[in-house]
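# Per-entry structural report
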Amino acid sequence: MKHQLGMMLGISALMMGPAMAQQQAQQQPNPNQVAAKALLQAADKAMGASYLKSWTSSGTGWMGYPGQQFAEGDLPRSDLKSFAENVDLGSKSASWQYTRVQGNNPLRGGGAGFPVQGEVNFKEFVNNGLGWNVNPQGQAAPINPRDGADRQLRLSLHPASFIQAALADNNAAATDRYFGRQNRTVKVVAFTIKVCDRPQPQCTRRVTGEFNSDNMLERVVTWFADPVLGDKMVELRWSDYKDVGNSVKMPHRVHAHIGDHPLIQGGHNWMDVRFSEIKVNAGTAQAVPDNVRSAPPVTTSNVAANKLADGVVQIAGGSHHSVAVEFKDYVAVIEAPLDQQRSLAVIAEVKKQFPNKPIRYVINTHNHFDHLGGLRTYVAEGATAITEDKNREFFKNVVLAPQPRTLLPDRLSQRPFAPTGPGQLMLQTYTDSYTISDGNQTIELHTVQGLNHSDNMTIAYLPKQKILVSADMGGPPAAGSPPPANISNNMIVFYNNIKRLKLDVVTHAPIHGAPGPHAEFERIVGPAAARAPQQQGGG
Ligand SMILES: [Zn+2]
Ligand SMILES: [Zn+2]
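Counting of residues starts from 1 at the beginning of each chain's written sequence and follows it residue by residue. For this description, chains carry letters from A and ligands carry numbers from 1, given in the order in which they are written. For this predicted model, a pLDDT threshold of at least 70 governs which residues receive local features, and a threshold of 80 or more governs which side-chain atom pairs are given and counted, while totals over whole chains, interfaces and linings are taken from all residues.

## Observations regarding the overall build of the protein chain
Counting its regular elements, the protein chain contains 12 helices and 26 strands. For the radius of gyration, the atom set is restricted to C-alpha positions; the globular benchmark scales as 2.2 Å times the number of residues to the power 0.38. Taken against the 2.2 N^0.38 rule, which gives 24 Å for 539 residues, the C-alpha radius of gyration of the protein chain at 27 Å falls within 12% of a compact globule. C-alpha extents for the protein chain along the principal axes are approximately 85 × 60 × 50 Å. For the protein chain, the proportion of its 539 residues judged to be buried stands at 42%. Long-range pairs, those at least 24 residues apart, make up 62% of the contacts in the protein chain with a sequence separation of at least 6. In this description a helix means any DSSP run of H or I spanning at least four residues, a strand means any run of E spanning at least two, and both kinds are numbered starting from the N terminus. Residues with at least 20 neighbouring C-beta atoms inside 10 Å of their own are called buried, those with 12 or fewer are called exposed, and the rest are partly exposed, where every C-beta is derived from the backbone. Each residue gets a C-beta atom placed from its backbone, and two residues are in contact if those atoms lie within 7 Å.

Take a look at the structure:
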């Protein structure tokens with residue numbers, strides 16, 4: 001009888017036709033959405049989230065440098081002598097001001113100002129998807145719109161704003177998740193939030209959160225847009241909830257990861273802050289400075305070609321340069337920094353300089369994301385990426401993987417190579433040394449030994465032109481300027497490697513900064529290297 005009834009319902013549903021069936025389905029409330037609404041209302045009551053219009057919190061802890069690892073694994077780290085957050089939900093604006101000190105953290109890896117000398121202050125702001133930084137001289141400068149959207153998303157990753165934003169999304173849905181190792185079940189709420197006003201996909205973000213049996217939000221997981229990783233996972237663990245008055249409970253600790261990936265070893269610790277003081281509804285709106293408001297969107301596509309020798313052109317114009325080298329039948333490009341926008345502009349310039357020659361090789365100096373974010377674009381065009389062998393698994397499984405990327409689709413994700421088709425020499429790795437030559441033109445690649453910045457650093461030497469291309473280890477001082485007060489350990493290690501490899505260098509063409517004569521580099525670094533032959537350090 002039961003079976004018969006089922007049959008009859010099946011037939012009647014068919015007879016209704018798809019339009020009527022859909023209408024009926026819409027009248028049925030989605031149980032996961034109903035569950036989310038109930039859970040979020042309970043969570044709101046438990047925490048007092050809706051009471052919050054703004055807050056300030058301050059504390060201490062530590063922070064990593066994403067994408068700047070010495071080797072595969074965790075991020076380089078500095079201590080946070082102070083960390084202050086000011087969030088104003090009504091104006092959708094926030095500031096993060098913090099002071100980094102090196103503390104006892106290992107000196108290995110990279111990142112702006114790493115290792116930290118003394119105290120370094122950072123001031124970061126966002127207002128409605130527009131992000132900017134203020135430097136120590138008080139000058140405001142906009143950040144890349146892509147990073148501005150990520151920064152705006154951070155406003156909704158705090159439990160108070162998460163709960164408010166999830167309650168505002170009628171499609172927010174809750175499901176159960178069982179943690180076997182802990183023998184407990186959490187409720188996972190997922191919703192979407194708009195973080196900017198531009199064409200998709202970066203402006204609508206998916207955010208998920210895990211609530212415990214007391215209806216407190218313990219963990220938030222979302223994604224940032226990253227040229228190297230694609231959808232970069234971000235995880236914030238909120239804990240140490242304490243009463244701050246007016247029936248509001250605020251978490252006094254956040255532990256965050258960024259860039260964790262099943263195919264990359266270990267956790268990638270982003271930050272850990274313990275808040276000692278939290279003030280509710282005491283935050284202030286962050287107004288966009290006039291020069292930021294009127295500035296054109298930050299772009300990485302400015303290029304300026306600078307001929308270094310016949311068949312050798314530096315493509316400058318931004319923060320990170322590339323060097324294009326012409327061979328008889330093809331071109332090799334040293335470094336593909338930043339992102340696809342940069343690569344498209346550099347590739348266009350290379351094609352102008354050397355028409356009708358394919359880019360056969362793209363050479364990566366080291367694993368830091370700012371130096372390899374544009375690599376995929378070259379590979380999509382058919383170039384083979386060359387890097388030091390320690391990067392092989394990371395490049396093969398992650399950097400060059402042709403999987404879809406939802407937040408930052410690029411040419412390699414949207415026009416993937418057929419896995420069994422031709423054109424599969426995407427990656428070539430080497431140890432110690434590697435030479436590209438057609439008998440007339442030659443590039444020698446060498447690994448740098450004893451460097452604390454990265455364990456996989458490549459320098460590219462052009463023996464015919466006596467030009468050396470290097471990244472993040474300094475170079476000759478600008479013409480007419482006095483030598484720097486401090487010669488970094490990177491520079492000394494670089495200098496010692498040039499000696500070890502017996503490279504006959506005349507001209508440096510660093511990835512950062514202007515080309516210059518090796519004689520100047522020798523003059524400023526030589527004496528320091530002689531004084532400190534065994535010195536170690538990052539940079
Ligand atoms: Zn670096
Ligand atoms: Zn760099």
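## Description of the pairing of strand S17 (residues 331-334)
What you see with S17 is no split at all: Val331 and Val333 on one side and Ala332 and Ile334 on the other are buried throughout. Pairing geometry for strand S16 (residues 322-326) and S17, over 4 bridges, is antiparallel. Bridging across to S17, Glu326 finds its partner in Val331. Here, a strand pair is defined by DSSP locating no fewer than two bridges between the strands. The hairpin turn running from S16 into S17, its antiparallel successor, is 4 residues long. For S17 and strand S18 (residues 359-363), the ladder comprises 4 bridges, and the chain directions are parallel. Its bridge partner lying in S18, Val333 is registered against Val362.

## Digging into the sheet that holds S17
Where strands meet in a sheet, backbone hydrogen bonds hold them as pairs that are either parallel or antiparallel. Read across the open sheet, the 7 strands follow the order S14-S15-S16-S17-S18-S19-S20; overall the sheet is mixed. Since the sheet does not close on itself, it has two edges, and those belong to strand S14 (304-309) and strand S20 (427-430), each with one partner. The mean inter-strand angle of the sheet, taken between neighbouring strand axes irrespective of direction, is 25°. Each axis is a line fitted through C-alpha atoms, taken for helices only over the stretch in contact, and angles between the N-to-C directions span 0 to 180 degrees. Contacts from helix H6 (residues 340-353) reach S14, strand S15 (312-316), S16, S17 and S18, with the element oriented near 150° to S15.

## Looking at the confidence of the model for the protein chain
Of the residues in the protein chain, 93% have a pLDDT of 70 or more, and the chain-wide mean is 93. In this model residues 1-16 is a low-confidence stretch, pLDDT under 50, and it forms 2 contacts with partners more than four residues away in sequence or in other chains. Each residue carries a pLDDT value, the predictor's own confidence for that position, ranging from 0 to 100. When the criterion is pLDDT under 50, residues 535-539 qualifies, and its contacts beyond four places in sequence or with other chains add up to 21 contacts.

## Focus on the nonpolar core
Across soluble globular proteins, nonpolar side chains show a tendency to be buried alongside one another. Note on terminology: a nonpolar core is a set of buried residues of type Ala, Val, Leu, Ile, Met, Phe, Trp, Tyr or Cys, with members joined through C-beta atoms within 7 Å. Counting 64 residues, the largest nonpolar core has Val325, Ala332, Val333 and Val362 as its most contacted members. Ranked by the residues each element gives to this core, the list is headed by helix H11 (residues 489-500), at 6 residues. In contact with Val325, not counting residues within four places along its chain, are Gly311, Val312, Val331, Ala332, Gln441, Ile443 and Leu462. Core analysis: the next-biggest nonpolar cluster, separate from the first, contains 55 residues, Ala94, Trp223, Trp238 and Met271 among them.

## Points about H6
A rise of 1.5 Å per residue sets the reference length of H6, with its 14 residues, at 20 Å; its end C-alpha atoms lie 20 Å apart and thus fit the reference within 8%. Buried within H6 are the following residues: Gln340, Arg342, Ser343, Val346, Ile347 and Val350. One side of H6 carries all its buried residues, which in axial view fall inside an arc of 145°. As for H6, its buried residues are in contact with S15, S16, S17, S18, helix H8 (375-380) and helix H10 (411-414). For a helix, the expected span equals 1.5 Å multiplied by the number of residues minus one. Directions drawn from the helix axis to the C-beta atoms are what define this arc.

## What to know about the sheet that holds strand S24 (residues 467-469)
Here 6 strands make up an open sheet; going across it, the order is S21-S22-S23-S24-S25-S26 and the pairing mixed. Among the strands making up the open sheet, the edge pair consists of strand S21 (433-437) and strand S26 (516-517). Pairing between S24 and strand S25 (residues 507-508): 2 bridges, direction parallel. Among the inter-strand pairings, Leu468 is bridged to a residue of S25, identified as His508.

## Thoughts on the domain arrangement of the protein chain
On domain assignment, one finds that the protein chain holds domain 1 (34-292) and domain 2 (304-531). Where each domain begins and ends is defined by an automated method or by a domain database. Each of domain 1 and domain 2 has a C-alpha centre, and the two are 34 Å apart. Listed by partner, the interface residues are 22 residues for domain 1 and 25 residues for domain 2. Secondary-structure elements contributing two or more residues to the side of domain 1 that touches domain 2 are strand S10 (217-226) and strand S11 (230-243). By residue number, the principal contributor to the side of domain 1 that touches domain 2 is S10, which donates 3 residues. In terms of residue class, the side of domain 1 that touches domain 2 is built from 11 nonpolar, 7 polar and 4 charged. As a working rule, the residues Ala, Val, Leu, Ile, Met, Phe, Trp, Tyr, Cys and Pro are called nonpolar, Asp, Glu, Lys and Arg charged, and the rest polar, with Gly in that last group.

## Details of the pairing of strand S13 (residues 269-280)
With 9 bridges connecting them, strand S1 (residues 54-64) and S13 associate as antiparallel partners. By the bridge assignment for S13, Trp55 is matched with Val280. Two strands pair when backbone bridges link them, and strand S12 (residues 249-258) and S13 are joined in this way by 5 bridges, in the antiparallel orientation. Within S13, the residue paired with Ala256 across the bridge is Met271.

## A short note on the environment of Asn127
Relative to the helices and strands, Asn127 resides in strand S4 (residues 120-127). What makes Asn127 buried here is the crowd of 23 C-beta atoms within 10 Å. Along the sequence, Asn127 and Gln152 sit 25 residues apart, while their C-alpha atoms lie 7.2 Å from each other. Apart from the residues lying within four places of it in its own chain, the contact partners of Asn127 are Ser91, Lys92, Ser93, Gln286 and Val288.

## A word on unusual backbone geometry
In this model, Phe114 is joined to Pro115 through a cis peptide bond whose omega is -10°. Turning to its location among the elements, Pro115 is positioned in the loop between strand S3 (93-101) and S4. Put simply, Gln200 and Pro201 share a cis peptide bond, and its omega is 15°. Here the phi dihedral of Ser247 falls at roughly 60°; this positive angle occurs in a residue that is not glycine. Mapped onto the secondary structure, Ser247 falls in the loop between S11 and S12.

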